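Residue strings, one per chain:
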Amino acid sequence: MEFFQCIEGRRSYRAFLEKDVDRAVLKKVMGAANRSPSYRNSQPWEVFIVAGEKRDRLAERLTRAAISGETPSSALPTPKEWPGALSKRMEEHTLLRLRAIGIDPDDEGKVRESGLRNYRFYDAPCAIFVGMHGPLAYWSVYDLGSFVHGILLSLEAQGLGGCPQASVTRYGNIIKEELSIPEEIEIIIAISVGYPDPDAPVNAYKSKRREEAEFVRWYGL
Ligand SMILES: Cc1cc2nc3c(=O)[nH]c(=O)nc-3n(C[C@H](O)[C@H](O)[C@H](O)COP(=O)(O)O)c2cc1C
């Protein structure tokens with residue numbers, strides 16, 4: 001696949017085919033993401049990949065925790081306030097995404113139900129968790145972002161797709177317990193992975209972006 005086609009075609013997929021993902025394919029994805037740059041080549045990423053019964057059990061526990069309103073144990077704090085422009089874009093995204101799948105944003109029950117799909121990994125056959133050693137360092141979180149983009153692009157290039165999910169890491173304690181992850185590792189992000197369902201309306205939603213002139217300032221060229 002041509003590079004720019006891959007980067008422009010990628011999106012967050014939220015519906016998947018009932019088709020398993022081969023370990024060999026994911027090994028290739030990991031190899032590519034592992035070439036990501038990192039602060040002084042620290043390579044802070046630690047990866048945990050689940051499928052099959054383990055994945056099902058985890059999805060069940062996470063969904064139960066979300067439904068019962070269990071106290072979250074996220075490694076990263078959520079900002080209390082977002083700058084106005086960002087907040088506006090986030091709200092617009094939520095509205096457009098819900099409308100694309102025929103959900104009225106005022107229908108609290110349906111919105112909640114749709115949110116709960118996060119914890120079932122959007123029915124993807126596989127989930128990847130990316131973590132790093134605590135105490136958390138800003139630069140390492142930055143490095144993980146670049147690593148995760150490497151994963152998402154490598155999936156896209158092979159006809160697979162993923163959805164990065166902060167929501168799932170609200171229950172980092174459950175993920176760590178189920179996968180016997182060492183205490184010193186913090187789970188930063190989850191990625192649902194599978195073969196995207198080409199007929200699912202949710203996958204037809206393509207998020208908007210600002211015009212480049214809105215965020216780039218040029219000096220001397
Ligand atoms: C750090 C991070 C956390 C995210 N968390 C979630 C999430 O919990 N659930 C979800 O459905 N999408 C999540 N997303 C996906 C974003 O909503 C998505 O990337 C954004 O709307 C742009 O759309 P696109 O990825 O399709 O281009 C997350 C993305 C990032 C980078």
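You'll find the structure just up there.
It should be emphasised that the depicted structure is a prediction, and the values quoted were computed from it without experimental measurement. (Residues numbered from 1 in each chain as written. Predicted model: local features only at pLDDT ≥ 70, side-chain atom pairs only at ≥ 80, totals over all residues.)

A. Examining helix 4 (residues 84-100) more closely. With 17 residues, helix 4 should cover 24 Å at 1.5 Å per step; its first-to-last C-alpha distance of 24 Å lies within 8% of that length. For helix 4, the tally of buried residues reaches only zero of 17 residues, placing the bulk of the element at the surface. A positive phi of about 75° marks G102, the residue just after helix 4. (Helix = DSSP H or I, 4+ residues; strand = E, 2+ residues; numbered from the N terminus. Expected span 1.5 Å × (residues − 1). Buried ≥ 20, exposed ≤ 12 C-beta atoms within 10 Å, placed from the backbone.)

B. Main features of the site of the ligand. Taken together, the residues surrounding the ligand are R11, S12, R14, H93, N118, C163, P164, Q165, A166, S167, I189 and S207. Counting residues per element, the shell around the ligand draws most heavily on strand 3 (residues 161-165), which supplies three residues. Of the residues in the shell around the ligand, the class split is four nonpolar, six polar and two charged. (Near = placed C-beta within 6 Å. Nonpolar A, V, L, I, M, F, W, Y, C, P; charged D, E, K, R; others polar.)

C. Summary view of the packing of helix 2 (residues 23-33) against helix 6 (residues 138-157). In the contact formed by helix 2 and helix 6, the axes pass within 8 Å of each other and the chain directions differ by 140°. Taken as axis vectors, helix 2 and helix 6 run oblique relative to one another. For the element pair helix 2 and helix 6, the recorded crossing hand is right-handed. Of the residues in helix 6, those in contact with V29, A32 and A33 of helix 2 are F147, G150, I151, S154 and L155. Residues that form the contact of helix 2 with helix 6 fall into these classes: six nonpolar, two polar and no charged. (Axes fitted to C-alpha atoms, helices over the stretch in contact; angles between N-to-C directions. Parallel < 35°, antiparallel > 145°, perpendicular 65-115°, else oblique. Left-handed = near helix turned anticlockwise from the far one by under 90°. Contact = placed C-beta atoms within 7 Å.)

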